[in-house]
Structures are given as C-alpha cells and as structure tokens.
Amino acid sequence: MTISTPIGSPTRLGHHTVGVRVMGTPRSGTNLAKYLIERYLDMPVVFDQGFWKHGIFPALMDGRDMRYGNLPIVVVSKDPVTQLLSWYRQARNDTLFKPSRSLAAFLSRPFELRQDFTEPRKMEYRFRTPADYWNQFYFAMDALRRTGIPVHFLRYEQLVAEPASCLNSISRFLDPSIAFDAGTVVTMPDHKLGASNDIDRGESPTIDQSRFDPARAELASALARIGWRNASVILRGIDDDVLEATGRAGFRKTCRDAIGARAMLRSLVGFW
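Nothing here was measured: the structure is a model prediction, and the numbers come from that model.

J.: When you look at the packing of helix 1 (residues 30–40) against helix 6 (residues 163–174) in this model, what are you seeing that I'm missing?
T.: Geometry of a packed helix pair, given as the angle between the helix axes and the separation of the axes. Helix 6 packs onto helix 1 with a crossing angle of 70° between their chain directions and a minimal axis gap of 11 Å. Taken together, helix 1 and helix 6 sit at an angle that is classed as roughly perpendicular. In contact with L36, I37 and Y40 of helix 1, helix 6 contributes P163, L167 and I170. Here the residues of the contact of helix 1 with helix 6 are counted per class, giving six nonpolar, no polar and no charged.

Here it is in structure tokens:
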C-alpha cells in the first residue's frame with residue numbers, strides 16, 4: 001500500500017490515520033522501523049516530506065500554533081555510546097560526516113552533518129561535538145512531545161530484541177482501538193537495509209550482502225570497542241533529561257555495569 005500524504009493533509013481511513021512520520025539521527029534504526037511498520041502495521045512511513053528525518057525539528061509556525069505535518073511521529077534512537085561509534089565508522093566514507101584521524105578526535109571536535117539526498121545542493125549543520133547533535137536532536141523531539149504533538153519514542157535495542165512488543169506499543173500510540181498482537185512472530189530482514197528517503201522513491205537496496213546483525217545494538221560490545229575513557233567523553237556531552245526522554249533513565253549506571261575487561265584494557269592501551 002502506497003499513499004502520498006501532502007504536508008498538512010493526512011489521509012484517513014475511517015477514524016484511523018494511514019501514515020506515520022519516522023525520525024531519528026543517522027544509523028539509529030529509522031529504516032528498520034519503516035520496514036517493520038509498513039510490513040506488519042500496513043501503514044506507509046513518511047521520512048522527508050516537509051523536513052529532513054535526521055534534522056533538528058524546525059519550529060514551523062502557523063500563527064501561535066506549531067505545525068508538524070499532521071502526522072504522528074515515531075522517533076527512533078540508539079543509546080549515545082553505540083550511536084556515536086556507528087557514526088565514527090560511517091564517517092570513514094566521508095558522506096554524511098567528515099572523517100577524523102581517530103575516535104578521540106571525532107568525539108571532541110566540531111561535528112558537521114550533511115544531508116544525504118540533496119546533491120548537488122547539500123544542506124549542512126554544525127554542532128559542538130557529535131554528542132551535542134545527539135543531545136539537541138532528541139531534546140527537540142521531546143520538546144515537541146511536551147507541546148502535546150503526538151510523538152512516540154522507540155529504542156533501537158528494544159526494537160531488535162522485542163520487535164512484536166515495540167510494534168504493539170506503536171500501534172497503540174497510533175490507534176488505541178487497534179493493537180498489534182504482541183505475541184506475533186516478527187521476522188527481521190535477512191540483510192542490512194540501505195538508506196532511503198522520500199526524494200528517491202526506488203526500492204531501498206541493501207547496503208551489501210552481509211546479514212542483519214542484532215549484536216550491533218549491544219552496549220557491552222560498543223564499550224569494548226571504544227573503551228571507558230571514550231565512553232566517558234560521550235556521556236559528558238549528554239544530559240540526563242534527554243536520556244530519560246529516550247527511555248534510558250539510569251543509563252550512566254547501565255554503562256558502568258556493562259563495562260568489561262576489554263573496555264578497561266582499551267582505555268589503558270589508548271584511544272583509536
């Protein structure tokens with residue numbers, strides 16, 4: 001089912017909105033969320049109509065009223081440690097992010113983000129650090145939710161571990177009268193999903209033929225790769241209220257509990 005929904009004019013079937021906007025920072029799981037929502041909830045997903053799915057939400061105003069496209073919004077997030085490690089890896093291809101010579105440099109220097117589908121006219125953004133971008137993006141989405149606009153936060157690690165439960169919570173957010181059965185067997189894609197947007201409307205290709213790996217959502221694995229010192233740099237740039245907004249109250253303790261010998265050794269050996 002494909003339905004084109006102009007900004008400000010959501011399509012409705014009976015009393016049910018048929019369309020949902022998905023937003024999140026790059027590599028946060030927005031494409032996986034789209035895949036599962038469209039496949040299991042039979043609802044089309046909007047990414048970039050009106051504003052970019054990875055951009056800080058703009059304060060679009062109509063008089064005194066906030067404009068948001070009249071679609072409910074699902075916001076996907078990865079925890080900041082796993083997320084920033086993923087960005088560092090992606091920065092090596094010099095597309096969305098500028099590469100850095102080391103992870104330590106990447107975490108501490110100004111962070112520039114470029115839209116990925118507007119070639120040759122790319123919009124660019126600059127933040128104090130990568131953690132500053134993570135912080136600002138999810139703070140803005142929580143601020144939007146606090147105005148009363150329908151915003152639902154979704155954690156990537158939970159989506160991977162408990163997809164049926166997440167689809168149940170999304171369906172209840174969209175329409176409490178029709179809930180997805182949390183006991184349904186949900187099948188993840190076989191391969192990694194390629195990036196997609198609303199500008200290039202072809203089928204989303206796989207990034208490569210490697211298998212979809214749920215272990216990429218594991219905090220302990222990310223900590224082992226970056227070390228506790230680098231993780232501490234990330235956490236210093238993240239606010240507790242933003243962690244709580246994304247469903248991660250107590251995340252600092254979660255990190256300390258997840259530290260293993262490899263993470264401590266990585267810190268002793270040095271940054272990379």
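Back to the write-up after that little detour.
J.: Just checking my understanding: could you explain unusual backbone geometry for this structure?
T.: Residues apart from glycine generally show negative phi values, whereas peptide bonds are mostly found in trans. Phi is positive for R27, which is not a glycine, with a value near 65°. Mapped onto the elements, R27 comes out in the loop between strand 3 (20–24) and helix 1. According to the relative accessible area criterion, R27 is partly exposed, its value standing at 38%. Positive phi, normally seen in glycine, also occurs at D42, with a value near 55°. Along the chain, D42 falls in the loop between helix 1 and strand 4 (45–46). By relative accessible area, D42 is classed as partly exposed at 46%.

J.: Before we go on, may I ask you to explain the packing of aromatic side chains in this structure?
T.: The tally for this structure, following the rule as stated, stands at 14 aromatic pairs. Relative to F180, the ring of Y40 has its centre 6.2 Å away and its plane inclined at 80°; by these criteria the two rings are edge-to-face. Of this pair, Y40 sits in helix 1 while F180 sits in the loop between helix 6 and helix 7 (219–236), placing them 140 residues apart in sequence. Neither residue differs from the other here; Y40 and F180 are each classed as buried. Their ring planes at 15° and their centres at 6.2 Å tell us that W52 and Y125 sit as a pair that is stacked.

J.: Explain the environment of A231 here, please?
T.: Note on placement: A231 falls in helix 7. Residue A231 is classed as buried on the basis of its relative accessible area of 0%. Put simply, A231 and R256 are 25 residues apart on the chain and 10.0 Å apart in space, counted from C-alpha to C-alpha. What A231 contacts, discounting residues up to four positions off in sequence, is V81, L223 and I226.

About the cut-offs
As a convention, each chain's residues are numbered from 1 in the sequence order in which they are written. Local features in a predicted model are, by the rule used here, given only for residues with pLDDT of at least 70; side-chain atom pairs are given and counted only at 80 or more, and totals for whole chains, interfaces and linings are based on all residues. Remark: hydrogens and water are excluded; side-chain values derive from all non-hydrogen atoms of the structure. Axes here mean lines fitted to C-alpha atoms, for a helix over just the part in contact, with angles spanning 0 to 180 degrees between N-to-C directions. Only runs of H or I of at least four residues qualify as helices and only runs of E of at least two qualify as strands under DSSP, and these elements are numbered from the N terminus. Orientation labels follow simple angle bins: below 35 degrees gives roughly parallel, above 145 gives roughly antiparallel, 65 to 115 gives roughly perpendicular, and whatever is left gives oblique. Pairs of residues are marked as contacts when any of their non-hydrogen atoms sit within 4.5 Å. Side-chain classes are defined by residue name, with Ala, Val, Leu, Ile, Met, Phe, Trp, Tyr, Cys and Pro counting as nonpolar, Asp, Glu, Lys and Arg as charged, and the others, Gly among them, as polar. Classification of residues uses two cut-offs on accessible area relative to the type maximum, computed with a 1.4 Å probe and protein chains only: under 20% is buried, over 50% is exposed, and between them is partly exposed. Each Phe, Tyr or Trp ring, with Trp reduced to its six-membered ring, pairs with another whose centre is within 6.5 Å; inter-plane angles below 30 degrees give stacked pairs, above 60 give edge-to-face pairs, and intermediate values give tilted ones.

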